[in-house]
Each structure stands twice: as structure tokens, then as C-alpha cells.
Amino acid sequence: MVDFSFTDEQQQFRKILQDFAKEELLPNYTKWDRENITPRHLWRKLGELGVNGLRIPEEYGGSGADCVTTGIAAEEIGRGDFNLTYAVMLNGLVGEILAQHANSYIKNECLPQIASGEKIVGIAITEPSAGTDAGGITSTAVRNGDYYILNGEKSGISVATCGDAFLIFAKTDPSKGNRGISAFLVPSNLDGLSTKGYEDMGNIPVGRGSIYMHDVKIPASYLVGEENKGFSQVMNGFDLSRLLIGLQCVGAAMQSIEETIEHVKIRHSFGKPLATYQGVAFPIVTHHTQLELIKWQAYRGLWLRDHGFNHSRVSSTVKWLGPKYSVDAIHECLLLNGHYGYTKEMPLEQRLRDVIGLEIGDGTAQANQMVIAKEIIGKEYRCY
Ligand SMILES: Cc1cc2nc3c(=O)[nH]c(=O)nc-3n(C[C@H](O)[C@H](O)[C@H](O)COP(=O)(O)OP(=O)(O)OC[C@H]3O[C@@H](n4cnc5c(N)ncnc54)[C@H](O)[C@@H]3O)c2cc1C
């Protein structure tokens, strides 16, 4: 049986988020960018709406919803405020990793606060000399009695400037490559930990930056999962976040297309609405079609995850082409709005800047093509 329909509950949830995005997010989307503010009150509002806790079990304050429902949240919040979709993606990713691998002390302490939106928790893998080659990180965590001592630098980390804690990946056995990496939940106020924000092109309210660790002493109970198993935990989490990112981008791009369709119906040239010219209509049709293909590939991936099937390749197709098709669509929409589209009066220039960020974050086009190549050509031909 093939069934492409959403349940009544999922459709109701979509409607609630659609209204919220239209009424409360869209009017202020550019404000947080212009004023360089992380709107923490909106993270809490997402908590009230049940968005932050979708991938967190009920006993820890979440709803334990499925991945398809989480995808609906990514898509609809993406229509209103692309930067706020980091809450959907990060809380989905971190929530799942902690729920599946952390001990009950961490789960009780942290998950309810993530679900409510009180706490923002980032995920820190990338380093100045290791991004695509995530197994090449050099941060270390050395066991010392009941503690680990963390040293190293993380770079490019979302919510670095506003995170209350970070899921930090460090080498516990540097001789073993990516089989020597462990994950730790590290509160951002610990001695020896400091952060520095970047002046980014987009995603301004997300507060991306670097994290510096100098002899950060963390209790051994903050190890998440087994020692040296951190890499496989995060790779499995990426299979979810990459699908959510595809939908976040599609949401922002579809919103841009709908706004542009309204514009080309009203704006005239040579005595007729722009929409009557195929030179205007066909690019809109092309982008709309590409986005729909990505959207359904993303929901297919989420369905596969919900049903326990392998979906790494599908996730990578969505992460590779979702941000790309969305950037292409928003760029075209900007052009179809003429010189108005180029002003900061309209949200299009910001959407373009914001969505480009996720052509890189969570794995570039090439990183995702490596995953696809490994599966369809064979792992004996991979480059690493
Ligand atoms: C908006 C944003 C948010 C981010 N958030 C986070 C976060 O929260 N946590 C986190 O840990 N990191 C985060 N990052 C970092 C991101 O994951 C890395 O930037 C990304 O993985 C690429 O790594 P890099 O920048 O070191 O580039 P590099 O790995 O140096 O790659 C540079 C270029 O070379 C290409 N390349 C590299 N190797 C190959 C190869 N073998 N074959 C072909 N091409 C190759 C890449 O595709 C890329 O185009 C974020 C980045 C951005 C832009």
C-alpha cells in the first residue's frame, strides 16, 4: 500500500502552525535580523505549541511524535521565520540523541527544559580544521577520575552565542579516528568555556560562532552514550536533521513563490499582468515543481525513518538539493519582484541570505553526494 495522506491530527497541527507562522512570525521575520536579536520568547512559544518536544518522549515533557509530524513543523515554521526553524531542527536532533543515548539523570535534567523552550542546546562538531571530514576533529576529552577534561576549539556552531549547553564531540581515543569520538552535554557556563559570535551573511538571530574549551571539567555522568561511540550517534541524527532542513528551506521558498505569484498577478507591463507572460510564469512553475519533488522526497525519508527503514541516501538527496532548489527559487522570486525585491522592505533578500547558510551547515552538497555515491556505487570506492 502507498499512502501519501497526513492523519487528521497532523493536518490540525499543520493548520495551527500555519496560522501561527502567518500571524506571529512572518510580520517580525526581518526584525530579529535587523536588530540582531535571538527571539528567545519565540523558542518558548514553540514550547507551548509542542514543537520543541516533538522528538522527546512524553515522560520527559515532549510528545514523542513521529518524524513526519516533525517535518510538518519544519516546513510551516520555515514559511514564517526561517531562522526559528533552527529550533525545530536542533531540538529534533539533540532531543533524539539525548533521549536515545543519555543517562536518566541528563534526560530528567535537560529534556523537559528543551521541550519547554527554556533551554537552548546546540550541537558542536565542526572545528577550524575539520568540517566535512568530521572524523578529523582534534578536540580532546581526557578521563580524570569522575571527570573528563575537555580542550579544543569548535567553529561555525549555531546558537554558540545564546546556547545554554552544547552537545560537544571530542576525541576520547585519538588513535582510533572516528571510532574514538565521544559526545558530552556541556553547560555553557562552565569554567574554561567561552564563545565568540560571527558577523554572518545570514541566519543572524541564530548567533553562530566559535566555542573555546580550556581545561573544561565535566562530570563523567555528562558523557552521552558509550565512550567512543559519539560519531555513529551523530551520523544517525544527521539522517533526521537533513530531512528537516530540506523542509525548512522548502517552506521558506514556497512562501516566497506564493508572495511572488500575488505580485505578478497585480503588476503590469506592456498593458498586461506579468503573470500572463510565459517568461514569468514558467520560471515560477519550474521552481514550484522542483520544490514539490523535494518536499515529497523529504516526507518519504521521514516516513522511512519512522518505520525503521534505511534512509541515509534519501536524507542526503534532500539535504543536497533542498537548500539548492530553495535558493534558486528565492533568487528568481527576488528578480520577479524587480527593484523592490532588492530592497530590505521585502523579506526576499533576507530569505536568500538565510537559506544559503544551510547549503553549508549540516553537510555541503559534496558531503551529501559522498553519502549517495557510497550507497549507489559502493563503499569500496569512497574517498576516505
Ligand atoms: C549556517 C551554518 C550553520 C552551522 N551550524 C553548525 C552547528 O550547529 N554545529 C556544527 O558542528 N557545525 C555547524 N556548521 C558548520 C558546518 O557543518 C561545516 O561548515 C560544514 O560541514 C563544512 O565544513 P567546512 O566549513 O570545514 O568546509 P570544508 O570541509 O573545508 O569544505 C570546503 C569545501 O570543500 C568541499 N569538500 C570538502 N571535502 C571534499 C571532498 N572530499 N570532495 C569534494 N568536495 C569536498 C566542501 O563541500 C566545501 O565546498 C554550520 C555552518 C553553517 C554555514
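This structure is a prediction, so every number in the text was calculated from the model and none was measured.

Conventions adopted
Residues numbered from 1 in each chain as written. Predicted model: local features only at pLDDT ≥ 70, side-chain atom pairs only at ≥ 80, totals over all residues. Heavy atoms only, no water. Helix = DSSP H or I, 4+ residues; strand = E, 2+ residues; numbered from the N terminus. Rg over C-alpha atoms; globule rule 2.2 N^0.38 Å. Buried < 20%, exposed > 50% of the residue type's maximum accessible area, 1.4 Å probe, protein only. Contact = heavy atoms within 4.5 Å. Areas by Shrake-Rupley, 256 points an atom, 1.4 Å probe, with all protein chains shown as cover. Salt bridge = Lys/Arg side-chain N within 4 Å of Asp/Glu carboxyl O. Near = heavy atom within 4 Å. Polar contact = N/O pair within 3.5 Å; in protein donor to acceptor, adjacent residues only side chain to side chain. Core = buried A, V, L, I, M, F, W, Y, C linked by side-chain atoms within 4.5 Å. Phe/Tyr/Trp six-rings, centres within 6.5 Å; stacked < 30°, edge-to-face > 60°. Lys NZ or Arg CZ within 6 Å of the ring centre and 35° of its normal. Domains from an automatic or database assignment. Buried area = accessible area lost by both parts, 1.4 Å probe. Nonpolar A, V, L, I, M, F, W, Y, C, P; charged D, E, K, R; others polar. Pairing = 2+ DSSP bridges. Patch = residues over 30% accessible without salt bridge, like charges linked within 9 Å, V, L, I, M, F, W, Y side chains within 5 Å. Lys, Arg positive; Asp, Glu negative; His and termini not counted. Charge placed at Lys NZ, Arg CZ, Asp CG, Glu CD. Axes fitted to C-alpha atoms, helices over the stretch in contact; angles between N-to-C directions. Parallel < 35°, antiparallel > 145°, perpendicular 65-115°, else oblique. Left-handed = near helix turned anticlockwise from the far one by under 90°.

Let us now look at the overall build of the protein chain. Secondary structure summary: the protein chain contains 12 helices and 10 strands in total. The C-alpha atoms of the protein chain give a radius of gyration of 21 Å, which matches the 21 Å a tight globule of 384 residues would have. Expressed as lengths along the three principal axes of its C-alpha atoms, the size of the protein chain is roughly 80 × 45 × 40 Å. Within the protein chain, the fraction of its 384 residues that count as buried is 53%. The long-range share in the protein chain, meaning contacts at least 24 apart out of those at least 6 apart in sequence, stands at 74%. Of the roughly 17,200 Å² of accessible surface on the protein chain, 52% is carried by carbon and sulfur atoms.

For the coordinates displayed, the defined rule picks out 23 salt bridges. As a salt-bridge pair, Arg351 and Glu259 come within 3.0 Å of each other at their nearest N and O atoms. Taken as a pair, Arg351 in helix 11 (residues 348-360) and Glu259 in helix 7 (residues 230-266) lie far apart in primary sequence, 92 residues in all. Of the residues examined, Glu259 reaches a relative accessible area of 25% and is grouped as partly exposed. Through salt bridges that share partners, Arg14, Glu75, Glu76, Arg79, Glu258 and Lys295 make up one connected network.

Around the ligand there are 20 residues in total, and Ile123, Thr126, Thr132, Ser158 and Thr364 lie nearest to it. Between a nitrogen atom of the ligand and a side-chain N or O atom of Ser158, the distance comes to 2.8 Å. Contact between the ligand and Thr364: an oxygen atom at 2.6 Å from a side-chain N or O atom of the residue. When isolated, the ligand has an accessible area of 970 Å², and the protein chains bury 65% of it.

Our focus in this paragraph is the nonpolar core. Grouped together as the largest cluster of nonpolar side chains are 114 residues, with contacts concentrated most on Leu98, Ile123, Leu150, Phe169, Leu185, Val224 and Leu302. With 15 residues, the single largest contributor to this core is helix 7. Ignoring anything within four residues of it in the chain, the contact list for Val224 reads Ile97, Leu98, His101, Ala102, Ile106, Leu167, Ala183, Phe184, Leu185 and Gln233.

The next subject is the packing of aromatic side chains. Per the counting criterion, the structure on display carries 7 aromatic pairs. Against the face of Phe6 rests Arg14, its NZ or CZ located 5.0 Å from the ring centre. The ring of Tyr147 carries the charged tip of Lys217 above its face, separated from the ring centre by 4.4 Å.

To continue, consider the domain arrangement of the protein chain. Domain parsing of the protein chain yields domain 1 (8-119), domain 2 (123-228) and domain 3 (231-381). Between domain 1 and domain 2, the C-alpha centre-to-centre distance is 23 Å. Opposite the 25 residues of domain 1 that make contact, domain 2 presents 16 residues. Overall, the association of domain 1 and domain 2 removes approximately 1,800 Å² of surface from exposure, summing both partners, and the carbon and sulfur fraction of that is 67%. Taken together, domain 1 and domain 2 are joined by 1 salt bridge. Salt-bridge contacts for Asp164 lead to Arg40; the nearest nitrogen and oxygen are separated by 2.6 Å. Connecting domain 1 to domain 2 are 8 residue pairs in polar contact (both at pLDDT 80 or more). Contributing elements (two or more residues each) for the side of domain 1 that touches domain 2: helix 2 (29-34), helix 3 (40-48), helix 5 (85-101) and helix 6 (104-116). Partitioned by chemical class, the residues of the side of domain 1 that touches domain 2 number 15 nonpolar, 5 polar and 5 charged.

Summarising the sheet, strand 3 (residues 147-157) and strand 7 (residues 209-219) pair through 8 bridges and their orientation is antiparallel. Bridge assignment links Ile149 to a residue of strand 7, and that residue is Lys217. In this sheet, strand 7 lies alongside strand 6 (residues 193-197) in antiparallel orientation, the contact comprising 5 bridges. Bridge pairing links Lys196 to Ser210 in strand 7.

Another aspect to go through is a positive patch on the surface. Taken together, the side chains of Arg179, Lys374, Lys379 and Arg382 make up a positively charged region of the molecular surface. Take Arg179: it is sitting in the loop between strand 4 (165-171) and strand 5 (181-187).

Moving on to the packing of helix 9 (residues 312-336) against helix 12 (residues 365-376). Two elements in contact, helix 9 and helix 12, have axes separated by 9 Å at closest approach and are oriented at 150°. The angle between the axes of helix 9 and helix 12 places the two elements in the roughly antiparallel class. Crossing geometry of helix 9 relative to helix 12 is assigned as left-handed. Taking contact as the criterion, the partners of Ser312, Arg313, Ser316, Thr317, Lys319 and Trp320 in helix 9 are, on helix 12, Ala365, Asn368, Gln369, Val371, Ile372, Glu375 and Ile376.

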